[in-house]
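This is what each chain is made of:
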Amino acid sequence: MTELIRVQDLRVTACGERGETEIVKGVSFVLEKGQVLALIGESGSGKTTIALALLGYARRGCRLSGGVVQVGEHDMLTLGESQLQSLRGNRVSYIAQSAAAAFNPAQKLIDQVVEGALTHGLGSRTALQAKAVELFRDLALPDPERIGQRYPHQVSGGQLQRVMAAMALISDPLLVVLDEPTTALDVTTQIEVLRAFKRVVRERGATAVYVSHDLAVVAQMADRIVVLNGGEILEQSATAPLLEGPEHAYTRSLLAAARPDGNIRPACVVSEDVPLLSISGLTAGYGSKSADGMPSIRVLEAIDLTVRRGQAIGVIGESGSGKSTLARVVAGLLPPSVGDLAFDGKPLGGSLAERTPEQFRRIQMVFQNADTALNPMHSVAAILGRPLKMYFGLKGAALQVRIGELLDLVRLPRTLAERRPHELSGGQKQRVNLARALAAKPDLILCDEVTSALDSVVGAAILELLRDLRQELGVSYLFISHDISTVRALCDDIVVMYSGRKVQAGSRQSFAQAPYHPYTDLLIHSVPELRQGWLEHRGTAVAPLPPMGARAPVPHLCTFLERCPLRVDGLCNRSAPGRHTLANGSEVLCHHDSAHLLHSQRQCVSVKTGAYA
Amino acid sequence: MNSTTLWLIGRRLGAGIVTLLIVSMVVFAITAVLPGDAAQQTLGQFATPEQVAALRVKLGLDQPGVLRYLHWLMNLLTGDLGESVSSATPVSELMAGRVPNTLMLAGATALVSIPAALVLGIGSAMGRGGRIDSVLSFFTLAMVAVPEFLVATLAVLIFAVNLGWLSSLSYASDISSPWQFMRTYALPVMTLCCVIVAQMARMTRAAVIDQLDSPYVEMARLKGIGPVRIVLRHALPNAIGPIANAIALSLSYLLGGVVIVETIFNYPGIASLMVDAVTNRDMALVQACTMLFCAAYLGLVLLADLCAILSNPRLRNQ
Amino acid sequence: MNTLIAKSKPASSALALAKVSNGPPWLGLIGGVVCVAWLLIALLGPWLAPHPVGEVVSDNVFEGFSLAHPFGTDYLGRDMLSRVLVGARFTVGLALVAAVLASALGTGCALLSVVSPKWLDEIISRIMDAFISIPSKMLALIMVSAFGSSVSLLICTAVVSYIPGSFRVARSMAVNIEALEYVQVARTRGESRLYVACREILPNMLNPVLTDLGLRFGYIVLLLAGMSFLGLGVQPPDADLGSLVRENISGLSQGALAVIVPALAIGTLTVGVNLLIDYVSSRRGRRSGGQ
């Protein structure tokens, strides 16, 4: 087989204010024609920089300082700018991470898709436009004839990503570089996009380099994997051997982080008396209020939730599900429009002004983004000291002692106390965030996507910490996330939200197998597993959705109507679904009963194992 | 133009009118209500109480402030701007004579400065980081900070005194040919242009660079599209909104600069009229001129905001 | 529809764009040196002046450069160097006082506005919008016409003209910071509004506020100089640099040094301040990546 890509001792230097630093330190790999290579690593490992170097491009402030990047018969590092221009978008294409940012908001999609090929003289405008429509069809985009006439903001994220793939493939390139194309998408959207990419790349025999931080996704797409850290290659091999038996310790930690610890410590004692937090009939939103007190943008609809002392409840949802809004309501940052909150038996006010200082203390929130959750001008000691002073009146020596204890609790060295947030790493900042919440000795901690912004290895460590703290301190969690595997690793009970509604709630055991709410089913089966071939089997299980007539103007119709594979015309679009309990103990919001769900979902499972090829 | 855009524009217009109203209140408060007894001041120390009282009634000063304001506002809206105390002619006549001159000056300045600023701004953005860009950057930064009378005095020094090409005073009345026009207007327009061009060029450069740094331009570069096409077809169309915005705001700075220029060149425009009025404490004239300037200023800022609204592609293409 | 409205930006964002620049660093150094020099002159002026400021020392009016009179003589025969050194005190001193007051009051109002309930924020913003809609020279002119031109009034005029600008800049920064999570955390802890404003929000906007102070200083120098030039600023026998230009304007046709020097002096002051500020803000921008 011919060697299409050969990278040898590639070096990239960044020129900053403090002089030059090498961010890619002598990377070498080869790729044969028709293969897919994955560059995997955490943020800052240099994978995007290497991917861009394959096009001979370096971002502002960086330069390609050495090595050989052989693509076909050209060495990209020796070519001049005009030669590179003639190759980019022609023989080598790039698919960016964020499709929304990569498109000119003022031009139609079709114009941007054919622009590159047109500039390189690969055909007439009409021929290229016809080819683009063909590509749209292959990528399973809806309405391929006319989608090109739209503008970027009129098209959804997953569709835009596929249009970008069409833009990259229209010139029949030798090499396609995919830079984290599905990272910004929801899990349920990601799977369609991945399927489309894989099919199109295979069909055209294109050679591809796939950059990602997600090992499970990469396992589906790549033939070879290169593991990067700190600008160096730690390990590279074919996919299957790497997944079964990695050699390098770092690769092993990546694999461990991708499969969160299934064996949960024994459940903590959950008390049966008065629930710690109870939410009933909560409706909340943003925007101006209409005449009946309802906000114009409704985010949460009729939510009921109970958290007991010592319990950890996980709330899962994708973007737009309202899960973060739920946390904000409980924290008092957003007053509910309808509904009651009660904390430890006593009513909990909707806004901050209505709460007592004790209530402030006992409910604490830990945010997703530690960069914006810690005041950059305060030292760690000041950040931790303030709640101690406010709630417990600690001063002087007693204060210092307690600060030290808190740092020990979150497993940070005591010497960190005098540092400022920008001197800490992402994981350390999140631990300080947690320590601040613990300083108040709370009964309930609201964790809002606390590991989502962190690298998988660091995030896994934080999860461990949370588990241990729960055992040591007996504190309750309301853990919000979009990642079901994280939630399954930490929480006793799980609540699934979709479009502001609670669609399923039950214990962790009830989520181990069917029956599920149709959305939960989609969610669970959209999470890529860490084995090759998962995508193909999953692909065969998807059929076109059952036809559906117009919606009746009835309030509270099922919000999952547009995507549900089990929808029934005449039932789902005419009446609101009710809540009922399934055989395995979880509560769902659906028209179908336990038996029907079990039957339909078990069919999918059997297809999955049966179609093994 | 769809309903959302129309509604946004309407809302902005409404806000502008409300602001203008508040401005008129502020102006009236400062000039007529706060200073104290105008009647006493006009007649001086040796007037008798009866004389002061009579003048107060004549000027309408015995009424409460709010009523006086409303009266004044009504008069303003119907075109009755009062009478100038120093020259005993109606204010509207005085202003009508001068407004065309200032408009001529402003128009000539705009005509010269806008193309120059666009060329400089776009050119330095395209050659970002190069030598030309650095030099231009320095000059525009310097020009923005320099006072107009420095530019004016230097210009007069160089062109009128040393080189003798132009006269240092401008008489707007005797213009018989385009050549005469240029000779009369060259120095004032040049003075005004210096600061305005620098301002506009800097803002244009920033707007174009802002577009050139955006991810979709990087994507276009990675598609192999040449730099000229990138600027013309991608960056500029999206930068037009901010650029138009910048031009409108810079033109509004003209209103301040024109005061100095008209004085130094003895140009019979409305700004020098106002300066004379202030020196003579001619309140009615001061109020009318101020309201005119404020209305023009608000008009330009409104134009800038409208450009920003209309240039938003999400609104245009629904 | 609501999301579209949220996305249309107001005109003032263009001014924010104008802060972007990347001149070479030695320019910033020059600016710094010039600023320090002017500060020293402002402090020590009268003692550095070779001749008493009001004394007629020469029989020749509008003299050119000479060793006895490096800046020449003015329309009465007085030494220009001395007059410039003393006049600098007024220019720099008045402008500095006014700039500090305008910045402090503007920032204070912005902080108050951000931590207060919506209705108070609206009222303050509307008032500031109205004031900002009056061009600063116009506002100065009408204040002078109403109240005269004493030194305290000139300071007051400059402060009133530039508080709204300082308010706008400070408020937009404070609003962005207030939306960040660490401020939310402080609020959920039940901290008082004063604490949130002073200990959480203010330290994170101090740098941009100081930069803005420098810019205001520049604008106020130009405003006061312009007013003096029109005869409406500092009144005789005191004279600041703008008045010096005014009284010697008759020498313009002769090309007298007495007209050029004070105008150049103002120019170097404002250009120096701008160069320094440009350098400081672009360095901060590059290092921290913005706010």
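What counts and how
- Residues numbered from 1 in each chain as written.
- Chains lettered and ligands numbered in written order.
- Predicted model: local features only at pLDDT ≥ 70, side-chain atom pairs only at ≥ 80, totals over all residues.
- Helix = DSSP H or I, 4+ residues; strand = E, 2+ residues; numbered from the N terminus.
- Rg over C-alpha atoms; globule rule 2.2 N^0.38 Å.
- Buried ≥ 20, exposed ≤ 12 C-beta atoms within 10 Å, placed from the backbone.
- Contact = placed C-beta atoms within 7 Å.
- Core = buried A, V, L, I, M, F, W, Y, C linked by C-beta atoms within 7 Å.
- Pairing = 2+ DSSP bridges.
- Axes fitted to C-alpha atoms, helices over the stretch in contact; angles between N-to-C directions.
- Parallel < 35°, antiparallel > 145°, perpendicular 65-115°, else oblique.
- Nonpolar A, V, L, I, M, F, W, Y, C, P; charged D, E, K, R; others polar.
- Bend = angle between axes of the 7 residues up to and from the residue.
- pLDDT = per-residue confidence, 0-100.

Engineer: Would you explain the overall build of chain A in this entry?
Structural biologist: Check the secondary structure of chain A and you find 21 helices and 22 strands. What you see for chain A is a C-alpha radius of gyration of 26 Å, in line with the 25 Å of a compact globule of 613 residues. Across its three principal directions, the C-alpha atoms of chain A cover 75 × 65 × 50 Å. Relative to its full complement of 613 residues, chain A shows a buried share of 44%. Intrachain contacts of chain A at a sequence separation of at least 6 include 69% that bridge at least 24 residues.

Engineer: Would you explain the nonpolar core in this entry?
Structural biologist: One recurring pattern in soluble globular proteins: nonpolar side chains tend to sit buried together. Among the nonpolar cores identified, the biggest contains 353 residues, and Leu-54, Ala-166, Leu-446, Leu-478 and Phe-479 of chain A together with Ile-220 of chain C are the most heavily contacted of them. The residues touching Leu-446 of chain A, leaving out its near neighbours within four places in the chain, are Ala-327, Val-330, Ala-331, Ile-363, Met-365, Val-366 and Leu-478 of chain A.

Engineer: Whenever I open this one, the pairing of strand S12 (residues 295–307) of chain A confuses me. Can you help?
Structural biologist: Successive residues of a regular strand alternate their side chains across the two faces of the sheet. Residue and element names in this part refer to chain A. Here strand S11 (residues 277–289) runs beside S12; their pairing, made up of eight bridges, is antiparallel. Following the sheet pairing, Leu-277 is matched in S12 by Val-307. Here S11 hands over to S12 after five residues, with Gly-293 in that stretch at a positive phi of 85°.

Engineer: Can you walk me through the sheet that holds strand S6 (residues 92–95) of chain A in this structure?
Structural biologist: Residue and element names in this part refer to chain A. Spatial strand order, S6-S7-S8-S3-S9-S10: six strands in an open sheet with mixed pairing. At either end of the open sheet lies a strand with only one pairing partner, and these are S6 and strand S10 (232–238). Across the sheet, the mean angle separating the axes of adjacent strands is 15° when strand polarity is ignored.

Engineer: Quick question: what am I supposed to make of unusual backbone geometry here?
Structural biologist: Peptide bonds are trans in most cases, and residues, glycine excluded, mostly fall at negative phi. For the bond running from Pro-236 of chain C to Pro-237 of chain C, omega is 5°, close enough to zero to count as cis. Take Pro-237 of chain C: it is sitting in the loop between helix H9 (193–229) and helix H10 (241–247). Positive phi outside glycine occurs at Glu-180 of chain A, with the angle close to 45°. Positionally, Glu-180 of chain A belongs in the loop between strand S7 (175–179) and helix H7 (187–203). By C-beta crowding, Glu-180 of chain A is classed as buried, having 20 other C-beta atoms within 10 Å. In this structure, Asp-344 of chain A is a non-glycine residue whose phi angle is positive, near 55°.

Engineer: Would you take a moment to explain the packing of helix H1 (residues 3–33) of chain B against helix H6 (residues 136–147) of chain C for this structure?
Structural biologist: The angle between the axes and the distance between the axes are what describe a pair of packed helices. Look at H1 of chain B against H6 of chain C: their axes get within 8 Å of each other, and the N-to-C directions meet at 25°. Between H1 of chain B and H6 of chain C, the angle falls in the class roughly parallel. Between H1 of chain B, through Val-27, Ile-30 and Thr-31 of chain B, and H6 of chain C, the contact on the second element is made entirely by Ile-142, Met-143, Ser-145 and Ala-146 of chain C. When grouped by side-chain class, the residues that make up the contact of H1 of chain B with H6 of chain C number five nonpolar, two polar and no charged.

Engineer: Got a minute to help me understand helix H3 (residues 25–48) of chain C in this structure?
Structural biologist: Side chains of residues three or four places apart in an α-helix project in the same direction, reflecting 3.6 residues per turn. Remark: the principal bend of H3 of chain C, roughly 50°, maps to Ala-42 of chain C, with a proline, Pro-46 of chain C, within the next four residues. Within the sequence span of H3 of chain C, burial applies to Gly-31, Cys-35 and Gly-45 of chain C.

Engineer: What should I look at first to understand the interface of chain B and chain A in this one?
Structural biologist: In many analyses, interface size is given as the accessible surface area lost on bringing the parts together. Across the contact, 14 residues belong to chain B and 23 residues belong to chain A. It is helix H9 (residues 215–222) of chain B that provides the largest number of residues to the side of chain B that touches chain A, a total of four residues. Partitioned by chemical class, the residues of the side of chain B that touches chain A number seven nonpolar, five polar and two charged.

Engineer: Please explain the confidence of the model for chain C as it appears in this structure.
Structural biologist: The predicted coordinates of low-pLDDT regions are not to be read in fine detail. Residues and elements named next belong to chain C. For chain C, the mean per-residue pLDDT works out to 81, and 89% of the residues sit at or above 70. Across chain C, helix H4 (residues 80–115) holds the top mean pLDDT of 91, while helix H1 (residues 2–7) sits lowest at 33. Low pLDDT, under 50, characterises residues 1–20; the predicted model gives this stretch 42 contacts beyond four residues in sequence or across chains. Note that pLDDT drops below 50 for residues 287–291; the model gives that stretch three contacts with residues more than four away or on any other chain. Under the prediction, the complex receives an ipTM of 0.80, its pTM being 0.81.

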